[in-house]
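For reference, the chains in residue letters:
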Amino acid sequence: MNLGTLPPLIFDMPWLLLAAVLLPVAVWWMRSVRSRQRRVRLARYAESSALRRLVMVADPDERGRTLRLVLIAMLAGLALSGPRWGLAHGPVSARGIDMAIAIDASLSMMAPDERPSRLERVKQEVRRLRAMSQADRVALIAFAGRSYILTPLTSDDGAIELFLDNLDPSVVGQAGSSIARAIRQGTELLLASDGSADRALVLMTDGEAFEPAEDVKAAATEAGVKGVSLVTVGFGTTQGSTIPIQDGSVTREKRDDDGKIVITRYSPELLEEAAKAAGGTFIPADASDKATRVRGALRSLRTAKRNVDSREDHVPRYLWLLLPALALLAYDTWWLTRRRAPNDAASRGPSTIPPVALLLLLGALPVTLMSCKQAPDPAALFAEGNVQAAIAGYRAQIANGDTTVRTRYNLGTALIGADSLKAAAELLDLVRRDSDGETRMRARFNVGYTSLVMGRTPQNPEAEADFAAARAAYRAFLTDRPSDADAKWNYELALRKPPPQGGGGGGGGDSQNDKQDEQPQNQGGLDQKQAEALLNSAAREERDVQGRKQRQGRTPPGGKDW
């Protein structure tokens, strides 16, 4: 077993671990004192040689009984300290609301005036807020110059954590800051959801927006009118800070078009006005325990009853120690009683049938231990980033007979996380053939993704075949879901194909590349016009324009790029 995958061991009352040492010592000392006192009392009646003929001076089982009692005391002391380890999951009925969390992912959120950065502090508060509201359905929205839905309303902590971990300014396609767009998209997302619970939009930003304040207030007013509770949460300092930009291994300060160093400042006025316009709550940046304040602001909302998957990181395991101690104590008591009953048939030799109580106790022991044992959930391990342990967990499930397409799909997805792309592609392709519905669509998307990544790997002799597989997978996917933006973008990447690394020179190499680029069309694939129609060229061209402007250091339309 990989020691890195062992669950942590903690104790509810670690100071009681001292009892696991002191109790056995006390038991051994008392047994020693009792044995010595017995020898002294017997010595008063006769010489030792005579005593040995009259009575049994030494108990033949004295050492065995002392060892049993010492072990009982040690196990009881460990059980009293409250040992915990392992993972446990189970459905729990609770009440919650529908909540969209809009996170500012613009460059200004990388400012370190809140350590380690404003964006990291936002992530910390989101995690704390989520921990306080397990029954809430939560959606994540990232915004800068535009806003993007990262997750729909969900109770899946693994998905939320995955997107939080990967959230940075590179996720958004247009630089700048547009709070109004984030409020509108969050409102639309919440109103599109069905359910009886109230809806809330939590906006976490530094308040530095380059748009008219009237637009923000109008969006906030519309949200309030439509029944969405708005909570604006500020981050940063009014003194401001520079924005660090990572350029390879060098960190430099962000500069504007005039070459001046940019200073980004927390702007509470706009956030306060937006909250007031929506009839909501404003939580300033200097407020402590923001997550608790957000939860307090939403406490009066109407909730709906839901079953959620609760996760307990550290499961109580005291029974693993207490039950063996009780079993030993029962055995010791029975053995002592049997020896003290001379008329009992048990005194003439070892009993072949143990007492009923002891038999029941020993029979319940393995059952109880099995009920306490909880195998780690591979999905939770994968969400925590422990990919290798998750792969081992899924493989163990399959080895134990769980060969459902869901388990095999999860194993294939985990293999992608471990960069075992070829094995993942083969497994997911089998899942695609054996499944239907949503599982087939997800498997088809991931097959295309693995083939695309392998095709873009430098010095890959099978790159052309991998690109062809990626194009085939995404064509089939987009046939059923033509509006999926991620599939469109990945399909376009498969069409573009990076030039091969090294080799050849001059025009001959270029000519060969041109022939390779045309090869998918000659093999019956879509031509360029069909591909553009399938991929929604207007959205693609806009993304290309914005990407070129950001790479050239130019400001996006209508505002600054931080």
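(A) Layout of the sheet that holds strand S2 (residues 83-85). The 3 strands are arranged S1-S2-S15 in an open sheet whose pairing can be described as antiparallel. Each edge of the open sheet carries a strand with a single partner, namely strand S1 (10-11) and strand S15 (315-316). Where S2 meets S15, 2 bridges bridge the pair, whose relative direction is antiparallel. Within S15, the residue paired with arginine 84 across the bridge is proline 316.

(B) Looking closely at the nonpolar core. Counting residues in each nonpolar core, the largest one holds 31 residues, and the members touching the most others are Ile101, Ile103, Val202 and Leu298. Of all the secondary-structure elements, those providing two or more residues to this core are strand S4 (98-104), helix H4 (118-132), strand S5 (137-143), helix H5 (157-165), strand S7 (199-205), strand S8 (228-234) and helix H9 (290-297). Of the residues forming this core, the biggest block, 4 residues, is contributed by H4. Aside from chain neighbours lying at most four places away, what touches isoleucine 101 is Val126, Leu129, Val138, Ala139, Leu140, Ile141, Val202 and Met204. If you look at the next biggest cluster of nonpolar residues, it comprises 27 residues, including Ala102, Leu189, Tyr266 and Leu271.

(C) Seen up close, the packing of helix H1 (residues 19-43) against helix H3 (residues 62-80). Where H1 meets H3, the closest approach of the two axes is 7 Å, and the angle between their N-to-C directions is 155°. Here H3 runs roughly antiparallel to H1, going by the angle between their axes. The handedness of the crossing between H1 and H3 is right-handed. Residues Ala19, Ala20, Leu23, Pro24, Val27, Trp28, Arg31 and Ser35 of H1 form the contact with H3, whose participating residues are Glu62, Arg65, Thr66, Leu69, Val70, Ala73, Met74, Gly77 and Leu78. The residue inventory of the contact of H1 with H3, partitioned by class, reads 11 nonpolar, 3 polar and 3 charged.

Quick notes on the rules
- Residues numbered from 1 in each chain as written.
- Predicted model: local features only at pLDDT ≥ 70, side-chain atom pairs only at ≥ 80, totals over all residues.
- Heavy atoms only, no water.
- Pairing = 2+ DSSP bridges.
- Helix = DSSP H or I, 4+ residues; strand = E, 2+ residues; numbered from the N terminus.
- Core = buried A, V, L, I, M, F, W, Y, C linked by side-chain atoms within 4.5 Å.
- Buried < 20%, exposed > 50% of the residue type's maximum accessible area, 1.4 Å probe, protein only.
- Contact = heavy atoms within 4.5 Å.
- Axes fitted to C-alpha atoms, helices over the stretch in contact; angles between N-to-C directions.
- Parallel < 35°, antiparallel > 145°, perpendicular 65-115°, else oblique.
- Left-handed = near helix turned anticlockwise from the far one by under 90°.
- Nonpolar A, V, L, I, M, F, W, Y, C, P; charged D, E, K, R; others polar.

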